[in-house]
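These are the residues of each chain, in order.
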Amino acid sequence: MTDTQTWFITGANRGIGASIAKAALAAGHNVVATARRAETVTDTLGASDALLPEALDVTVPEQVTAAVKAAADKFGRIDVLVNNAGYGQLGLFEETSLDLVKKQIDTNVYGSMEVTRAVLPVMRAKRSGHVITISSISGAIGVTGSSIYSASKFALEGWMEGLAQELAPFQIKATIVEPGYFKTDFLDSSSVTYGDITIEDYAEEAAAFRKAQDDMNHQQVGDPDKLGHALVELAASDQPPLRFAAGEDAVGVTELVLGKRRGDLDAWRTLSTSLAL
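Residues numbered from 1 in each chain as written. Predicted model: local features only at pLDDT ≥ 70, side-chain atom pairs only at ≥ 80, totals over all residues. Heavy atoms only, no water.

## Brief notes about the overall build of the chain
What counts is decided by this rule: Only DSSP runs of H or I with at least four residues qualify as helices, and only runs of E with at least two residues qualify as strands; both kinds are numbered from the N terminus onward. All radius of gyration figures rest on C-alpha atoms, and the globule criterion is 2.2 Å times the number of residues raised to 0.38. Residue burial is assigned from relative accessible area. The probe radius is 1.4 Å, only protein chains are included, and a residue is buried under 20% of its type maximum, exposed over 50%, and partly exposed in between.
Helix and strand counts for the chain stand at nine helices and nine strands. What you see for the chain is a C-alpha radius of gyration of 19 Å, in line with the 19 Å of a compact globule of 277 residues. If you line up the chain on its principal axes, its C-alpha atoms span 55 × 50 × 35 Å. The proportion of buried residues among the 277 residues of the chain is 47%.

Here it is, written out as structure tokens:
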């Protein structure tokens, strides 16, 4: 991989995506920064020869193809893909219609897959690259109110685990990033969506969950700019991790999950190992 990389970042006009783009530019890399409206990228990142703003809705295949072609035409290569575009469908499962579930999966899962499918031929031609997909601590653990969002992130993580092995022969690396709570607009109404069905049995639980999210909005402890610089460091590594827990809270959640799985494994080991013919 050349010292100067070309990064292709989805959802780069705000939040974590914008911070990653800023960090890559500051490190001297070229950046293809995409958002549904290209002008919002320029509003956030300014203009430079190293920056290519592109309009991209990850759920529209024609736009994906056009953006990747524009990136290859301008910079000749794509070294780092960051699948960041997405949003949070929060709320209790029974209070979320199937239409909202499908929209969540279309954006968070199929959108990331579509972009990756378009970028990989460019990376394979160079026999190098790094696919970074932004998951969440919700991709490590499901909790009340995050079942649909977690479903999308668990799907991403399973896909990325298999993809990492498929890409290794081409010297293309893959990393799943699991951020905790970072101070972005993720919990604003412009980013997060709640269920569209009301069920009286869930009234108290749903209200408590919604209040907790509202109270957390813009009170998160994670610094998105530090995360951006961390990903630049990961992308420069010869042996980046398959999973990267981003933030102290993410580390704590990962330790909790691993401990719980070990506990369940040990508690039920005898029954689990008794199932052979």
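## Some thoughts on the nonpolar core
In plain terms, the rule: In plain words, nonpolar cores are sets of buried Ala, Val, Leu, Ile, Met, Phe, Trp, Tyr and Cys residues tied together by side-chain atoms within 4.5 Å.
Phe-8, Ile-78, Val-115, Met-123 and Val-131 are the most contacted members of the largest nonpolar core, which totals 29 residues. Where this core is concerned, the elements lending two or more residues are α3 (61-75), α4 (98-126), α5 (147-167) and β7 (172-179). One finds Ala-21, Phe-182, Leu-231 and Ala-246 within the second-largest nonpolar core, a separate group that totals 26 residues.

## Focus: the sheet that holds strand β3 (residues 51-55)
Threshold: Pairs of strands are assigned from DSSP output, requiring at least two bridges between the strands. Think of each axis as a best-fit line through the C-alpha atoms, taken over the contacting stretch in the case of a helix, with angles from 0 to 180 degrees between the N-to-C directions. We call two residues contacting when some pair of their heavy atoms lies within 4.5 Å.
Spatially, the seven strands line up as an open sheet ordered β3-β2-β1-β4-β6-β7-β9, and their pairing is parallel. On the outer flanks of this sheet lie β3 and β9 (243-246), each paired with one strand and no other. Within the sheet, the average angular offset between the axes of one strand and its neighbour, ignoring direction, is 15 degrees. Docked against the sheet, α5 engages β4 (80-83), β6 (129-134), β7 and β9, running at close to 160 degrees with respect to β7.

## Let's talk about the pairing of β3
How we decide: Whether a crossover is right-handed comes down to one check: with the strands pointing away from the viewer, does the path from the first strand over the helix to the second run clockwise; if it does, it is right-handed.
Relative to β3, strand β2 (residues 30-35) runs parallel, the two sharing five bridges. Across the sheet, Val-31 pairs through a bridge with Leu-51, a residue of β3. In this view, the connection linking β2 to its parallel neighbour β3 by way of helix α2 (residues 38-45) has right-handed handedness.

## A closer look at the packing of aromatic side chains
What describes a pair of aromatic rings is the distance from one ring centre to the other and the angle between the planes of the rings. Quick reminder of the rule: Here is the rule: rings of Phe, Tyr and Trp (six-membered ring for Trp) pair when centre to centre is within 6.5 Å. Planes less than 30 degrees apart are stacked, more than 60 are edge-to-face, and the remainder are tilted.
Enumeration according to the criterion identifies one aromatic pair in this entry. Taking the centre distance of 6.4 Å and the plane angle of 70 degrees together, the rings of Tyr-194 and Phe-209 count as edge-to-face. Highlighted residues: Tyr-194 in the loop between β8 (192-193) and α6 (203-216) and Phe-209 in helix α6, separated in sequence by 15 residues. On the basis of relative accessibility, which here comes to 15%, the residue Tyr-194 falls in the buried class. Judged by relative accessible area, which is 13%, Phe-209 ranks as buried.

## Focus on a nonpolar patch on the surface
Convention followed: Each patch is built from salt-bridge-free residues with over 30% relative accessible area, joining like charges within 9 Å and nonpolar side chains (Val, Leu, Ile, Met, Phe, Trp, Tyr) within 5 Å. Accessible areas in this description were obtained via Shrake-Rupley with a 1.4 Å probe; residue shielding takes into account the shown protein chains only. What makes a salt bridge here is a side-chain nitrogen of Lys or Arg within 4 Å of a carboxyl oxygen of Asp or Glu, nothing more.
Residues Trp-268, Leu-271 and Leu-275 make up a contiguous nonpolar surface patch of about 380 Å² in total accessible area. Inspection of the secondary structure assignment puts Leu-271 in helix α9 (residues 269-272). Residue class for Leu-271 comes out partly exposed when judged on its relative accessible area of 49%.

In short, geometric facts, not functional conclusions.
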